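# Per-entry structural report
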Amino acid sequence: MNFPIKSGGKKQRLQLFNLSLFEVKMKKVIVFCFIAIGYTSGYAQPNEGANPFFCYNFGGLERYSPEEQIDILYKTGFDGICLQMAKAEEVRNLDCFIRAADRYADFKIYSAFVRYNFEDEELDKNRWKQVVDKIQGKSIALWFIFGKPQPGITHEHVERILRRVVNYAESKQVPVVLYPHSTCYFFSAEQALPTVQKINHPNLTLAVHSCHEMRAGNGNRLDQVVLNVKNYISFVTIAGADNEIDRTSAFTIDRSTIQPLDKGNYDYSKFLNALRAIEYKGPVGFINFKIDKQGIPVDVYLQETLTEWKGLKSKYLNYKE
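Residues numbered from 1 in each chain as written. Predicted model: local features only at pLDDT ≥ 70, side-chain atom pairs only at ≥ 80, totals over all residues. Heavy atoms only, no water.

This part takes up the overall build of the chain. Across its full length, the chain carries 12 helices and 8 strands. Counting the 321 residues in the chain, one finds 51% classified as buried. Considering only contacts within the chain whose residues lie at least 6 apart along the sequence, 79% involve residues at least 24 apart. In the structure as shown, the chain presents an accessible area of about 15200 Å², 50% of it carried by carbon and sulfur atoms. (Helix = DSSP H or I, 4+ residues; strand = E, 2+ residues; numbered from the N terminus. Buried < 20%, exposed > 50% of the residue type's maximum accessible area, 1.4 Å probe, protein only. Contact = heavy atoms within 4.5 Å. Areas by Shrake-Rupley, 256 points an atom, 1.4 Å probe, with all protein chains shown as cover.)

The next thing to look at is the layout of surface pockets. As a volume, the largest pocket reaches approximately 610 Å³. Counting residues per element, the ones that place at least two in the lining of the largest pocket are strand E3 (108-116), helix H4 (122-125), helix H5 (127-135), helix H8 (210-218) and helix H10 (250-257). At 4 residues, H10 tops the list of elements feeding residues into the lining of the largest pocket. In terms of residue class, the lining of the largest pocket is made up of 15 nonpolar, 6 polar and 9 charged. If you add up the space inside the second largest pocket, you get close to 420 Å³. Mapped by element, the contributors of at least two residues to the lining of the second largest pocket are helix H2 (66-76) and helix H3 (88-101). The leading source of residues in the lining of the second largest pocket is H3, at 4 residues. (1 Å grid on protein atoms, 1.4 Å probe; cavity = no way out; pocket = protein on both sides within 12 Å on 5 of 7 lines; lining within 4 Å. Points joined across faces, edges and corners; volume = space filled by probe spheres on them. Nonpolar A, V, L, I, M, F, W, Y, C, P; charged D, E, K, R; others polar.)

Looking now at the sheet that holds strand E5 (residues 176-178). Backbone-to-backbone hydrogen bonds join strands into a sheet, with any given pair of strands oriented parallel or antiparallel. In spatial order, the strands read E1-E2-E3-E4-E5-E6-E7-E8; together these 8 strands close into a barrel with parallel pairing. This sheet shows a mean twist of 30 degrees between the axes of neighbouring strands, independent of strand direction. With 4 bridges joining them, strand E6 (residues 204-209) and strand E7 (residues 233-238) adopt parallel strand pairing. Within E7, the residue paired with Val 208 across the bridge is Val 236. Contacting E3 and strand E4 (141-146), H5 runs over the sheet at an angle of about 170 degrees to E4. Each of E6 and E7 touches H8; the most contacted strand, E6, lies at about 75 degrees to it. (Pairing = 2+ DSSP bridges. Axes fitted to C-alpha atoms, helices over the stretch in contact; angles between N-to-C directions.)

Aromatic ring pairs: the centre-centre distance and the angle between the two ring planes describe each pair. Taken as a whole and judged by the stated rule, the model has 28 aromatic pairs. Taken together, a centroid distance of 5.1 Å and an interplanar angle of 25 degrees make the contact between Phe 54 and Tyr 110 stacked. Of this pair, Phe 54 sits in strand E1 (residues 53-56) while Tyr 110 sits in strand E3, and the two are 56 residues apart along the sequence. There is no split in this pair, since Phe 54 and Tyr 110 are both buried. Judged by centre distance (5.1 Å) and plane angle (75 degrees), the rings of Trp 143 and Phe 235 are edge-to-face. Of this pair, Trp 143 sits in strand E4 while Phe 235 sits in strand E7; the two residues are 92 residues apart in sequence, bridging distant segments of the chain. (Phe/Tyr/Trp six-rings, centres within 6.5 Å; stacked < 30°, edge-to-face > 60°.)

Let's shift gears to the environment of Cys 184. Mapped onto the secondary structure, Cys 184 falls in the loop between E5 and helix H7 (189-199). On the basis of relative accessible area, Cys 184 is assigned to the buried category, the value being 3%. Expressed as a C-alpha distance, the spacing of Cys 184 and Gln 150, which sit 34 residues apart in the sequence, is 9.8 Å. With sequence-adjacent residues up to four places away left out, Cys 184 is seen in contact with Arg 115, Ile 145, Phe 146, Gly 147, Lys 148 and Pro 149.

Looking now at unusual backbone geometry. Within the chain, Ser 139 stands out as a residue other than glycine whose phi angle is a positive 60 degrees. Its place among the elements puts Ser 139 in the loop between H5 and E4.

On to H2, then. In terms of burial, H2 is a largely internal element, 10 of the 11 residues being buried. Taken residue by residue, H2 has Pro 66, Glu 68, Gln 69, Ile 70, Asp 71, Ile 72, Leu 73, Tyr 74, Lys 75 and Thr 76 as its buried positions. Taken from the residues just after H2, Gly 77 is the one with a positive phi, measuring 125 degrees.

Here's what the structure looks like:
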């Protein structure tokens, strides 16, 4: 499949899924009938049950409108999307994403993530509150990243901020997920774990990101990381990666830890077996940060990644009820 790129300042809308209200309600019935008679429509259906698979709105997707991004991922077969909320414009577009996702009963926004940079102006640092207000009561998680450590920033200060975020988000029915990120204050799940345990709030959990764990030196022990933080995991993200990280530059670090899932030589078997061992059935995300810069078209790497994920899920996470 080929997706149009916006050019010349004019939006080229995808002509997809122009469904009436009745057709939306009947969609699942129609799909079931197609399957029953062996008909292939060309539209891959999202995964059912455990470990739904979603994608960040990175890697070239950001060149499309919110509606087009949702359509592309839905048409490819992803179960949902994760949204970056780093700029005021992105927060303004959040309503558009929510409306676009609501068109499909079996597609959702799993999370919106913000970054709290200690050196930012107060308006930028507190953008998380605007995001919480927009996603309140919508079963969308707030992923929270603390930025790079700064002189004078104590752990007590960080803890106070996180407690404030967790309490405010709870009042809006928004779960908070602490997001470990390389070079940042919390850079791995295990390093963040003591803070989550100390706060000990039911509205605060952890995410485990393969790329950031690898950068933290945990590439050969991802299974142990999972076991050590198992009581606090609510999200997992993965991407294709190399066994050895190329630390020559920021670009090579990204390229060797974030690839289409079918690329790279990193073996995820131990990691996925660990997830199965703890019976993790929550969402799994594909991080596609700057994959388009590797010269791989969006439609190609999305489809190849989804195909690879289905194989991995069937092999390692095929839970039997």
